[in-house]
Amino acid sequence: MEQVYDRVALIGLGLIASSMFWAMKRDGQLVGEVAGFARTEATRETARRIGLCDVVCDSAIEAVKDADLVVLCVPVGAMGPVMEEIAPHLKPGCTITDVGSVKGDVIRTVTPHLPEGVFFVPGHPLAGTEHSGPESGFAELFDNRWTLLVPVEGVPDAEIARLRAFWERLGANVDLMDADHHDLVLAVTSHTPHLIAYTMVGVADDLRRVTDSEVIKYSAAGFRDFTRIAASDPTMWRDVFLTNKDATLEILGRFTEELFALQRAIRTGDGDHLHAYFTRTRAIRRGIIQAGQDTAAPDFGRVKTGPK
Ligand SMILES: NC(=O)C1=CN([C@@H]2O[C@H](COP(=O)(O)OP(=O)(O)OC[C@H]3O[C@@H](n4cnc5c(N)ncnc54)[C@H](O)[C@@H]3O)[C@@H](O)[C@H]2O)C=CC1
Ligand SMILES: O=C(O)C(=O)Cc1ccc(O)cc1
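The rules we used
- Counting from 1, residues in each chain are numbered in the order their sequence is written.
- Naming scheme: in the order in which they are written, chains are lettered from A and ligands are numbered from 1.
- Residues qualify for local features only when their pLDDT is at least 70, as the model is predicted, and side-chain atom pairs are given and counted only at 80 or more; totals for whole chains, interfaces and linings, by contrast, use all residues.
- Working from all heavy atoms in the structure, the side-chain values ignore hydrogens and water.
- Domain start and stop points were drawn from an automatic or database domain assignment.
- Here, two residues are considered to be in contact whenever any of their heavy atoms come within 4.5 Å of each other.
- In this description, buried area is defined as the sum, over both parts, of the accessible area (probe of 1.4 Å) that is lost when the two are combined.
- The term salt bridge refers to a side-chain nitrogen of Lys or Arg lying within 4 Å of a carboxyl oxygen of Asp or Glu.
- Put simply, a residue is near a molecule or strand once any heavy atom of it comes within 4 Å of that molecule or strand.
- Pairs of N or O atoms are called polar contacts if they sit within 3.5 Å, as long as, within protein, a hydrogen donor faces a hydrogen acceptor (for residues adjacent in sequence, only side-chain-to-side-chain pairs).
- Calculation of accessible area relied on Shrake-Rupley with a 1.4 Å probe; when residues are assessed, cover is drawn exclusively from the protein chains displayed.
- Ten residues, namely Ala, Val, Leu, Ile, Met, Phe, Trp, Tyr, Cys and Pro, are considered nonpolar, four, namely Asp, Glu, Lys and Arg, are considered charged, and the remaining ones, Gly among them, are considered polar.

As annotated in an unreviewed UniProt entry, the protein chain carries the name Prephenate/arogenate dehydrogenase family protein and is attributed to Seohaeicola nanhaiensis.

A. Broad picture of the domain arrangement of the protein chain. When its domains are assigned, the protein chain resolves into domain 1 (5-177) and domain 2 (181-290). For domain 1 and domain 2, the distance between their C-alpha centroids amounts to 31 Å. Facing 16 residues of domain 1, the contacting portion of domain 2 comprises 16 residues. Taken over both partners, the interface formed by domain 1 and domain 2 buries close to 1200 Å², and the fraction arising from carbon and sulfur atoms is 65%. Considering only the surface of domain 1 that becomes buried against domain 2, Val102, Glu130 and Met177 emerge as the three largest contributors, covering 42% of it. Applying the counting rule to domain 1 against domain 2 returns one salt bridge. Glutamate 130 serves as the salt-bridge partner of arginine 228, at 2.7 Å between the closest nitrogen and oxygen.

B. Quick look at the site of ligand 1. Lining the immediate surroundings of ligand 1 are 24 residues, of which Leu15, Ile16, Val74, Ser101 and Gly133 lie closest. At a separation of 2.9 Å, an oxygen atom of ligand 1 approaches a polar backbone atom of isoleucine 16. Interatomic distance of 2.7 Å between a backbone N/O atom of valine 74 and an oxygen atom of ligand 1. For ligand 1, whose free accessible area comes to 820 Å², the fraction covered by protein is 87%.

C. Quick peek at the site of ligand 2. Taken together, Ser101, His124, Ala127, Gly128, Thr129, Glu130, His194, Arg228, Ile229, Met236 and Trp237 make up the full set of residues adjacent to ligand 2. Interatomic distance of 2.7 Å between a side-chain N/O atom of serine 101 and an oxygen atom of ligand 2. Between an oxygen atom of ligand 2 and a side-chain N or O atom of arginine 228, the distance comes to 2.6 Å. Alone, ligand 2 offers 340 Å² of accessible surface; in the complex the protein occludes 85% of this. In the shell around ligand 2, the residues fall into four nonpolar, five polar and two charged. Residues from two domains meet in the shell around ligand 2; each of domain 1 (5-177) and domain 2 (181-290) gives at least three.

What follows is the structure in structure tokens.
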């Protein structure tokens, strides 16, 4: 199989960057050398210890030197500042991409720093877990999952095709989407559900009549499945809500309207409303599972390839 990029730089060595690295290694021929940079010495030390990246650099500037593909794998709010720092040191003709969960804001904050002759192709793998950090990644994360590419104007089709080929070799299926639509779709399918899961944990914690140990002991009854994603990284999710404000507020508005309607049905004893609502939503949820698109409970327990 052909090599797609010679030198790749991963900036921010957490769940996504480490999974990308192990998936590149699994392929064996996809790329030449992978350089990595992490902000803290502790993360760089961990990366060196577990063999994450062919070379771990002490600065982002060093990592991007001569890179043909630079992947920004930091929280969404850090994308612009990181881009500003590395911009003068990029190889002419290289491609910059990112893996951020929000696309409009990343495009707005990264684009002003782009040097002439560097191509920016924003991306988002719709794959992850509630775990974070350099030791949480595994090669199979992207297998059969979608990666959305959100090309901005002026990037040659060949560079988009190259990045698509890269993601496909990491195991993903690739679609193209525009940024506003991406941010609305993700507000429905990911961002608002995370907010609601965080809220449910907060509610359980605030309710003094139910002890923490009872919540843990009896959490099999829905709470555990429903709130798995509330164990996710707080910095990452703070940035998602600050940067996908409009779409999240729109979906949250609709959510609270529906919730109030259900609340009213419970108060007034309107069983028909509750039954009809649950019948409709159950059919939708079952349809999602049958279509093989169930992303709510991925079974990553089966195969995981990471540090040796
Ligand atoms: N966790 C998930 O399930 C998914 C996350 N994403 C996106 O991928 C990106 C990375 O997320 P993860 O790998 O999960 O996060 P992570 O928390 O595992 O890793 C992020 C890394 O970025 C570093 N970092 C933070 N601020 C930085 C800064 N200012 N400069 C340099 N490095 C900095 C952190 O130290 C950490 O090593 C985020 O933008 C997130 O929205 C996309 C898909 C799934
Ligand atoms: O753990 C889960 O189920 C997730 O939802 C992971 C996830 C988090 C953020 C993304 O932008 C994409 C995927």
